[in-house]
Each structure stands twice: as C-alpha cells, then as structure tokens.
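Observations on the model geometry
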Amino acid sequence: MPTADESPEFPRPPVAFTDRAERDLEIDAYDGDAEPLVAMYADFDADSRAQGLPPRHEDEIREWIEGLLVEGYNVVVWHGDRIVGHAVLVPYDGTSELAIFVHPGYQSVGIGSQLIRVLLGHGQQQGLDNVWLAVERTNHIAMRLYDSVGFETTTRDRAENEMERSL
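A brief structural summary.

1. A word on the overall build of the protein
What the protein contains, in helices and strands, is 4 helices and 8 strands. From first element to last, N terminus to C terminus, the protein shows the α and β order β-β-α-α-β-β-β-α-β-α-β-β. By the compact-globule yardstick of 15 Å for 167 residues, the protein fits well, its C-alpha radius of gyration being 15 Å. Oriented by its inertia axes, the alpha-carbon framework of the protein measures out at about 40 × 35 × 30 Å. Here the protein holds 167 residues, and the buried ones make up 47% of them. By sequence separation, contacts in the protein at least 24 residues apart represent 61% of the contacts at least 6 residues apart. For the protein, the computed accessible surface area is about 8,600 Å², with 44% contributed by carbon and sulfur atoms. Here the protein holds 13 positive side-chain charges and 31 negative ones, and the gap between their average locations is 8 Å.

Now the structure itself:
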C-alpha cells in the first residue's frame, strides 16, 4: 500500500469542473442541512443502491444522512442549487470508511472520478491517514474508480472486496 510520502496530493474543495455532458458543476465540503441530500437520495431506485445504501424510505434516508453529517467529512457535487453527488469519510478505529454516491441521472460522465479525488484531498486536509471501503465484486465500474486513485484490495470474499489506501 502506498505510504503518505508516496501518495499524490489530491485537490481540495472547492473544485469547479465541467462533466462530459458539458454541465458546470462544483464540488465542495458540506456540513449543511440534511434536506438537499435527502432530496438527492430519494431519486435512487433499486438499481442505484449497493450494500443496502442509500436506505429506501425518506425517514431512514434522513436519519442516515444526519448521522453522516455529524460523524463524517462530507463532500457534495452541486449542479446549480441541486446536490447530484455525495461522498463521505467516516473516521473510526484508526481508519476512515469511504462511501460515494452519484445521482442516477449524472452517472458515467466523470463526476465520480472528480468527487473521489476531492474527497481524498479533503481527508488529507483533515489529517486522516488511512481510508477503507467495501465494494460489491460485481461493481466493476466502482472497482476501476477505486483502483484509479490508488486503493488496493486487501480482502476478497464471494460478495465483496475490501480495499484501502494511505493518505
């Protein structure tokens, strides 16, 4: 696994960019109200969920988001006044768990790639040292994304891989 000395410096929020659909977007750290995130996650259908997340019902989504806003370092993607992407690092036991979600209508246009890089930069800025995640083995797009930013698979089982990297 790369050490902090070998790790590239990731961009820090805020970051403005244009996705491959030619939409102007901004990624920024977020500690605001849960409602804009609840609105984004309410649009997720069954195919947009992985490992039980996001929760299915609005009250469960709100409770989940409120916990992430208290416990984690959150970064969001804005398209105008609407959140269309969200990623979070939740510190615990000497590492931080990563979760990343992009609105179904905004996927496959480069937003996830930008979002994860800015999230990792935000984590570096906050002094985090290590990041961990679990990904379904069938989610090849996500696994390529994680590989592209230096995550290495540490554990494999039938359903998922665990991956981690140093910051």
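2. Concerning the pairing of strand E8 (residues 160-166)
Counting buried residues in E8 gives 5 out of 7 residues, a clear majority hidden from the surface. By the bridge criterion, 7 bridges tie strand E6 (residues 130-136) to E8 in an arrangement that is antiparallel. Within the sheet, the bridge partner assigned to Glu136 lies in E8 and is Glu160. Where strand E7 (residues 152-156) meets E8, 4 bridges bridge the pair, whose relative direction is antiparallel. Across the sheet, the residue bridging to Thr155 is Glu162, located in E8.

3. Remarks on the packing of helix H1 (residues 35-42) against helix H2 (residues 58-71)
Relative to each other, H1 and H2 sit at 130°, their axes nearing to 9 Å. The orientation of H1 relative to H2 falls into the category oblique. Taken as a pair, H1 and H2 cross one another with a handedness that is right-handed. Along the contact surface, H1 presents Glu35, Leu37, Val38, Tyr41 and Ala42, while H2 presents Glu58, Ile61, Arg62, Trp64, Ile65 and Leu69. Residue composition of the contact of H1 with H2, grouped by class: 8 nonpolar, no polar and 3 charged.

About the criteria used
Residues numbered from 1 in each chain as written. Predicted model: local features only at pLDDT ≥ 70, side-chain atom pairs only at ≥ 80, totals over all residues. Heavy atoms only, no water. Helix = DSSP H or I, 4+ residues; strand = E, 2+ residues; numbered from the N terminus. Rg over C-alpha atoms; globule rule 2.2 N^0.38 Å. Buried < 20%, exposed > 50% of the residue type's maximum accessible area, 1.4 Å probe, protein only. Contact = heavy atoms within 4.5 Å. Areas by Shrake-Rupley, 256 points an atom, 1.4 Å probe, with all protein chains shown as cover. Lys, Arg positive; Asp, Glu negative; His and termini not counted. Charge placed at Lys NZ, Arg CZ, Asp CG, Glu CD. Pairing = 2+ DSSP bridges. Axes fitted to C-alpha atoms, helices over the stretch in contact; angles between N-to-C directions. Parallel < 35°, antiparallel > 145°, perpendicular 65-115°, else oblique. Left-handed = near helix turned anticlockwise from the far one by under 90°. Nonpolar A, V, L, I, M, F, W, Y, C, P; charged D, E, K, R; others polar.

So far we have only geometry, and geometry alone does not tell us how the molecule works.
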